[in-house]
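# Fold and geometry: a report
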Amino acid sequence: MTRVAFLGLGTMGAPMARHLAAAGHDVTVYNRTAAKADAWVAAHGGRAAPSPAAAARDAEVVLTCVGNDDDLRAVVLGPDGALAAMTPGALFVDHTTVSANIAREIADAAAAQGVLALDAPVSGGQAGAENGALTIMCGGSPEAFAAAEPVLAAYAKRIGHMGAAGSGQLTKMVNQIAIAGVLQGLAEALAFARRAGLDSGAVVDVISKGAAQSWQMDNRATTMAAGEFDFGFAVDWMRKDLGLVLGEASRLGLGLPLTALVDQFYADVQGMGGGRHDTSSLIRRFNKR
């Protein structure tokens, strides 16, 4: 049993913390909205802490899953942040999708006080978190990865060590680039099939057995055609992630024209009131024509 603190009990964090408790770890939770932490404890046991530092005190592993760079900096590096209370030899793991810069900033601050640190964004969405089947991309030292892997196994189907601090976040950016392009292609394909008078279900059944097959086609084509967009990972979050991608690409001197275009298409979906729809809602742009 490991003493674990989990900070951030949103759509992803709450089920991840639940899997840690189910695996037998001693879990303390913190959430900015204290009522969420109290409700989590009522359902799953453990303890709720009044601050990140209070949650992290005496924890062997501290994990975070919050909103963005500013949220993470406040929770970890703020005056009552987790790092201030962590002891040498403890492990910090961040599951938030944030910039590579803040991942490196936290890794440096952690190293200065003898704490291991890992940036470990996830893929798999709400369903992956609920089912304990996330893919986790990790950046940090081999020692930090080795220490984290047995704990992360509680909610992961695949855990990869991608390199030094920041490499997990950079890999998540690659993931989002690939997803954005595939979803736009699938939206266009389904719109074309419908406009051509084809049975989209029959079309998908055939082409999904060939080179066009993808996870998105297997899991989202039917719901996209039906106009159902309530599957966890929201357009608002994807735009945040693509903003990170495009910022990093600019720093690298790399143009990503397709990613930039799809980001603008997601802005269109937001303008149609679809900010909380899942990312497959790109097809809504065709539905209004």
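Before reading further, recall that the structure is shown in the block above.
This write-up is about the structure you can find in this document. (Residues numbered from 1 in each chain as written. Predicted model: local features only at pLDDT ≥ 70, side-chain atom pairs only at ≥ 80, totals over all residues. Heavy atoms only, no water.)

### Topic: unusual backbone geometry
Here the phi dihedral of D58 falls at roughly 75 degrees; this positive angle occurs in a residue that is not glycine. The class for D58 is exposed, based on a relative accessible area of 54%. (Buried < 20%, exposed > 50% of the residue type's maximum accessible area, 1.4 Å probe, protein only.)

### What to know about helix 12 (residues 235–252)
The end-to-end C-alpha distance of helix 12, which contains 18 residues, comes to 25 Å, matching closely the 26 Å that a straight helix rising 1.5 Å per residue would cover. All of the buried residues along helix 12 are V235, M238, D241, L242, L244, V245, E248 and A249. On its buried face, helix 12 sits against helix 4 (69–77), helix 6 (100–112), helix 9 (167–195) and helix 13 (257–271). G253 sits one or two positions beyond helix 12 and adopts a positive phi of about 75 degrees. (Helix = DSSP H or I, 4+ residues; strand = E, 2+ residues; numbered from the N terminus. Expected span 1.5 Å × (residues − 1). Contact = heavy atoms within 4.5 Å.)

### So, the layout of surface pockets
When its volume is computed, the largest pocket comes out at roughly 1200 Å³. Forming the walls of the largest pocket are 47 residues, and the residues nearest its centre are M12, G125, Q126, F233 and W237. Contributions of two or more residues to the lining of the largest pocket are made by helix 4, strand 7 (122–123), helix 7 (125–131), helix 9, helix 11 (215–226) and helix 12. Here the residues of the lining of the largest pocket sort into 16 nonpolar, 21 polar and 10 charged. (1 Å grid on protein atoms, 1.4 Å probe; cavity = no way out; pocket = protein on both sides within 12 Å on 5 of 7 lines; lining within 4 Å. Points joined across faces, edges and corners; volume = space filled by probe spheres on them. Nonpolar A, V, L, I, M, F, W, Y, C, P; charged D, E, K, R; others polar.)

### Some thoughts on the nonpolar core
In this structure, F6, L63, I136, L152 and Y155 are the most contacted members of the largest nonpolar core, which totals 31 residues. Among the elements that take part in this core, helix 8 (residues 142–152) stands out by supplying 5 residues, more than any other. Among all residues touching I136, those that are not within four sequence positions of it are H95, A120, P121, V122, L152, Y155, A156, R158, I159 and G160. (Core = buried A, V, L, I, M, F, W, Y, C linked by side-chain atoms within 4.5 Å.)

### Some remarks on the side chain of T97
Mapping T97 onto the fold places it in the loop between strand 5 (91–94) and helix 6. Judged by relative accessible area, which is 12%, T97 ranks as buried. In terms of polar contacts, T97 uses its side chain to reach the side chain of K172, at 2.7 Å. (Polar contact = N/O pair within 3.5 Å; in protein donor to acceptor, adjacent residues only side chain to side chain.)

### Let's talk about the packing of aromatic side chains
Counting across every chain of the model gives 1 aromatic pair. Directly above the aromatic system of F265 lies the positively charged group of R285, at a separation of 3.7 Å from the ring centroid. (Phe/Tyr/Trp six-rings, centres within 6.5 Å; stacked < 30°, edge-to-face > 60°. Lys NZ or Arg CZ within 6 Å of the ring centre and 35° of its normal.)

### A short note on the environment of F92
Examined against the element boundaries, F92 turns out to sit in strand 5. The buried category is assigned to F92, whose relative accessible area is 2%. As a C-alpha pair, F92 and V115 span 23 residues in sequence and 7.1 Å in three-dimensional space.

### A word on empty space enclosed by the protein
Taken as a whole and judged by the stated rule, the model has 2 cavities of 30 Å³ or more. By volume, the largest cavity is sized at about 70 Å³. Residue lining of the largest cavity: L72, F92, D94, V98, A103, I106, A107, A117, L118, D119, G139 and A165, and that is the complete set. Those elements that provide at least two residues to the lining of the largest cavity are strand 5, helix 6 and strand 6 (116–119). Split into classes, the residues belonging to the lining of the largest cavity amount to 9 nonpolar, 1 polar and 2 charged. Roughly 50 Å³ of volume is contained in the second largest cavity. Lining the second largest cavity, in full, are T97, V98, Q169, K172, M173, Q176, D241, L244 and V245. For the lining of the second largest cavity, the secondary-structure elements that each account for two or more residues are helix 9 and helix 12. Among the residues making up the lining of the second largest cavity, the classes are represented as 4 nonpolar, 3 polar and 2 charged.

### Quick word on the pattern of salt bridges
Scanning the model with the defined rule gives 12 salt bridges in all. The closest approach of N and O atoms between E105 and R73, which form a salt bridge, is 3.0 Å. Separated by 32 residues along the polypeptide, E105 in helix 6 and R73 in helix 4 bring together distant segments of the chain. The salt bridge partner of R239 is D263, with a shortest N-O separation of 3.0 Å. Taken together, the residues span a long stretch of sequence, with R239 in helix 12 and D263 in helix 13 at a distance of 24 residues. Of the residues examined, D263 reaches a relative accessible area of 7% and is grouped as buried. (Salt bridge = Lys/Arg side-chain N within 4 Å of Asp/Glu carboxyl O.)

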